[in-house]
Amino acid sequence: MRMTLLLLCFAATCFAQDEALQTGAEQLVNQPDISPVELKAKHIALVANQSSLVGDTHLLELLLQQGLQVKTVFSPEHGFRGTADAGAKVDNSIDPDTGVAVVSLYGQHKKPKVEALKGINLLIFDLQDVGVRYYTYLSTLHYVMEAAAEQDIPLLVLDRPNPNGAYVDGPVLENHYQSFVGMHPIPLLHGMTLGELALMIKGEAWINKAEQLKLFVLPIKNYQRDIPYDLPVRPSPNLPNAQAVVLYPSLGFFEATPLSIGRGTDFPFQVLGYTNPPLGPFAFSPVAKASAALNPPLKNKLVLGQDLRKVKAGGLDLSYLIQAQALFAKHQLKLFNSPDFMDKLSGTSKLRQQIEQGWSEAQIRQSWQADLQKFRQQRRPYLLYPDHPL
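If you're wondering where the values come from, they're calculated on a predicted model, not measured in any experiment.

(A) The arrangement of the sheet that holds strand β13 (residues 282-284) in detail. Sheet architecture is open: 3 strands sit in the order β12-β14-β13, paired in antiparallel fashion. Only two strands of the sheet have a single neighbouring strand rather than two, namely β12 (271-274) and β13. Strand-to-strand twist in this sheet, taken as the mean axis angle between neighbours without regard to direction, amounts to 40 degrees. Judged from the 3 bridges that link them, β13 and strand β14 (residues 303-307) form a sheet pairing that is antiparallel. Its bridge partner lying in β14, A283 is registered against L304.

As structure tokens, this is what we get:
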């Protein structure tokens, strides 16, 4: 049985065609009277990072300027200011710009601890996601929701667009492969915003004490998921532009291989290459880059491959994996040198096995269509915006 959801949709104003897109954070700051709670009476914990902007100003600074009592900031992978390398553990700190304590949810603990929530009576979540299951901001949302439910603290999710929101594609995660890079039985490309996913996580009881969670979602105004959305700020150090964001679903799998996808260059997630055998004529050399890639794959080596900065991209393209597998097999080399990690990224072992066995892209895609159809039906009650997935 699905639980009752507490939702603020403001349906009369959500899709007015003569108004510009407004994120949940923009509406909260510019129209504070629409808040589901009396903000000025609350001790607030804010889940945020460098993407939590309203115009050019950080949400934390605006809330403090309005006299709100923001006692704590929780930060996800890459830290509050978005300067930590992928996978790098982040310590607790004090934000030098505001003096607010920053508690890392990508260090010793990925779930807010009871003592970190002591005295807090409202959680506000505002992170820019990219719509790919293995991007870990969704996992942070999961643990924040669970902590809020267990400690009986209301949670307000300020929604932001999904730049890959037009697509529902890829294998649906099997529960056996649940990890921090995939916690829910959803496709690799789910086509949902974090606000919608928060409603689904609660409604499908994917967290402990889901029925107790007081969840509010402030939707995006004038948003349609099939209209391209170029992020105003990089959501993490190695997704610097729109091309990297749209290639990320296809190239992220190569983190489980010895190949380079451009970490340690000026164009991460926009190239693909190897030393020997080469994947193409384009030459580049990854180097250590502070706040982005301190020890990138193939560091200081000459890499030959493909320049993808100007290719037309969108959705999930398996051809890169299939072509790399064929080349490596020809040279009697193993492409997936981290098979367990590949399976976690995929949410299943089937994709890796299919590629190793030489399945065509059409055959692989056909194998997950039934699961995708079930997911589309399952997600329908939680959608806040027009449903036009590819």
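So that's the structure; there's more coming.
(B) Region of interest: helix α8 (residues 339-346). Within the sequence span of α8, burial applies to M342, D343, L345 and S346. Buried residues of α8, seen end-on, are gathered within an arc of 160 degrees and therefore sit on one face of the element. Those residues of α8 that are buried are in contact with β9 (169-172), β10 (187-189), α7 (319-330) and α9 (350-356). In the segment just after α8, G347 is the residue with positive phi, at about 75 degrees.

(C) Just the packing of aromatic side chains, in detail. Applying the stated criterion across every chain yields a total of 12 aromatic pairs. Note on Y223 and Y385: the rings are 4.9 Å apart at their centroids and 80 degrees apart in plane angle, and the pair reads as edge-to-face. Here the residue Y223 occupies a position in the loop between β11 (215-218) and α6 (242-251), and Y385 occupies one in the segment after α11 (369-379), the gap between them amounting to 162 residues. Ring pairing ties together the aromatic residues Y134, Y135, Y137, Y248, F253 and F269, which thus form one cluster. Here the guanidinium or amino end of K110 rests over the ring plane of Y106, the centre of that ring lying 5.0 Å away. Its end group placed over the ring of F267, R309 keeps NZ or CZ at 4.4 Å from the ring centre.

(D) Local environment of unusual backbone geometry. The peptide bond linking N276 to P277 adopts the cis configuration, its omega dihedral lying at 10 degrees. Inspection of the secondary structure puts P277 in the loop between β12 and β13. One non-glycine residue, A205, adopts positive backbone phi at about 55 degrees. By the element assignment, A205 lies in the loop between α5 (194-203) and β11. The exposure class assigned to A205 is partly exposed, which follows from its relative accessible area of 40%. With a phi angle near 60 degrees, L298 is a residue other than glycine that sits in the positive phi range.

(E) Region of the structure containing the packing of helix α4 (residues 137-150) against α5. Interhelical geometry of α4 versus α5 gives an angle of 45 degrees and a closest axis separation of 11 Å. Compared by their axis directions, α4 and α5 come out oblique. Between α4 and α5 the crossing geometry is right-handed. Counted together, L138, L141 and M145 of α4 and L194, L197, A198, I201 and K202 of α5 form the full contact between these two elements.

(F) Geometry of the pairing of strand β4 (residues 69-75). Where burial is concerned, most of β4 is hidden: 5 out of the 7 residues are buried. In this sheet, β4 lies alongside strand β1 (residues 43-48) in parallel orientation, the contact comprising 5 bridges. For L46, the partnering residue across the bridge sits in β4 and is V73. As paired elements, β4 and strand β6 (residues 101-104) share 4 bridges and run parallel to each other. Following the sheet pairing, S75 is matched in β6 by S104.

The rules we used
- Residues numbered from 1 in each chain as written.
- Predicted model: local features only at pLDDT ≥ 70, side-chain atom pairs only at ≥ 80, totals over all residues.
- Heavy atoms only, no water.
- Pairing = 2+ DSSP bridges.
- Helix = DSSP H or I, 4+ residues; strand = E, 2+ residues; numbered from the N terminus.
- Axes fitted to C-alpha atoms, helices over the stretch in contact; angles between N-to-C directions.
- Buried < 20%, exposed > 50% of the residue type's maximum accessible area, 1.4 Å probe, protein only.
- Arc of directions from axis to C-beta.
- Contact = heavy atoms within 4.5 Å.
- Phe/Tyr/Trp six-rings, centres within 6.5 Å; stacked < 30°, edge-to-face > 60°.
- Lys NZ or Arg CZ within 6 Å of the ring centre and 35° of its normal.
- Parallel < 35°, antiparallel > 145°, perpendicular 65-115°, else oblique.
- Left-handed = near helix turned anticlockwise from the far one by under 90°.

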